[in-house]
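# Coordinate inspection notes
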Amino acid sequence: MRKPRHLRKVLRSTATAVAAAASLVLLPLAAAPAQAAPSAIASGMTWTVLAKGDGTVRVGADAATDAYNGDTAATATLPLLCLRVNGSAVPSGITPDFYAGWSRGTVAATPPVLGRTLTSRAVADALCAQYYGPEWRMAEFHDGRYGSALEFSGGWSFWAYGYVPDGSRFWTAIDDQPANPWN
């Protein structure tokens, strides 16, 4: 049975339109260059102990620290630097400044943690809370405060009460750079 002329015309037009639409959709995909899988391994910024005082410790960046890109591959296992800010006054003998502020609290280090398990700041904060309590979180690059009322935020290092082991590196967060294991 032969189809009426107007139906053949409609079918032919529809087939042509479908073929044209398919070529518009498929051609750009076929012409797009293949994207290579990311080859870079995530890196995180690490700090170390810079000085110790009477019940205080100064933690911060040293020559190995890269605050812009991270200095340690997320495949490394290091302690996490944790901080509890509780409004502690600046102890005598410490004069906070931009590069060595006062944290207004206490630091501690977790047992070593595989960097790639730190998938977000929230995950890192939760680890600190798990080990030390709900007021604890991951220490951050800008946690040092200075000024007459500690109203300014500095960077690169800070003083705190507490103890962290000498000669170790610690995962430390930085909020304004992609230098965390989760970036």
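About the thresholds
- Residues numbered from 1 in each chain as written.
- Predicted model: local features only at pLDDT ≥ 70, side-chain atom pairs only at ≥ 80, totals over all residues.
- Heavy atoms only, no water.
- Helix = DSSP H or I, 4+ residues; strand = E, 2+ residues; numbered from the N terminus.
- Buried < 20%, exposed > 50% of the residue type's maximum accessible area, 1.4 Å probe, protein only.
- Contact = heavy atoms within 4.5 Å.
- Polar contact = N/O pair within 3.5 Å; in protein donor to acceptor, adjacent residues only side chain to side chain.
- Pairing = 2+ DSSP bridges.
- Salt bridge = Lys/Arg side-chain N within 4 Å of Asp/Glu carboxyl O.

### Overview of the overall build of the chain
Scanning the chain from N- to C-terminus turns up two helices and 13 strands. Of all 183 residues assigned to the chain, the portion counted as buried reaches 38%. Considering only intrachain contacts with a sequence separation of at least 6, the fraction spanning at least 24 residues in the chain is 74%.

### What to know about the side chain of D143
Inspection of the secondary structure puts D143 in the loop between β9 (137-138) and β10 (145-146). Within polar-contact distance, the side chain of D143 engages the side chain of R137 at 2.8 Å. There is a polar contact of 2.6 Å between the side chain of D143 and the backbone nitrogen of E140. Excluding residues that lie within four positions of it along the chain, D143 makes contacts with L83, W102, S103, R137, M138 and F158.

### Points about the environment of V57
Along the chain, the position of V57 falls in strand β3 (residues 56-60). Residue classification places V57 among the buried residues on the basis of a relative accessible area of 1%. Along the sequence, V57 and Y163 sit 106 residues apart, while their C-alpha atoms lie 6.6 Å from each other. Residues within four places of V57 in sequence aside, it is in contact with V49, A51, K52, V107, F158, W159, A160, G162 and V164.

### Remarks on the pairing of strand β7 (residues 101-109)
Judged by how many residues are buried, β7 sits mostly within the fold: eight of nine residues are covered. Where strand β6 (residues 81-85) lies against β7, five bridges are found, and the strand directions are antiparallel. Of the residues in β7, the one forming a bridge with L81 is A109. Bridge analysis of β7 against strand β12 (residues 157-162) gives four bridges, and the strand direction is parallel. Considered in β12, the bridge of T106 is made with Y161.

### Remarks on the pattern of salt bridges
By the definition in use, this model includes six salt bridges. For R121, the salt bridge identified is with D125, shortest N-O distance 3.1 Å. Of the two residues, R121 and D125 are both situated in helix α2 (residues 121-132); the distance of four residues between them amounts to about one turn of the helix. Here D175 makes a salt bridge to R121, at a shortest N to O gap of 2.8 Å. Here R121 lies in helix α2 and D175 lies in the segment after β13 (169-171), a separation of 54 residues in the sequence. Residue class for R121 comes out buried when judged on its relative accessible area of 19%. Each member of the salt-bridge network shares a partner with another, and the members are R121, D125 and D175.

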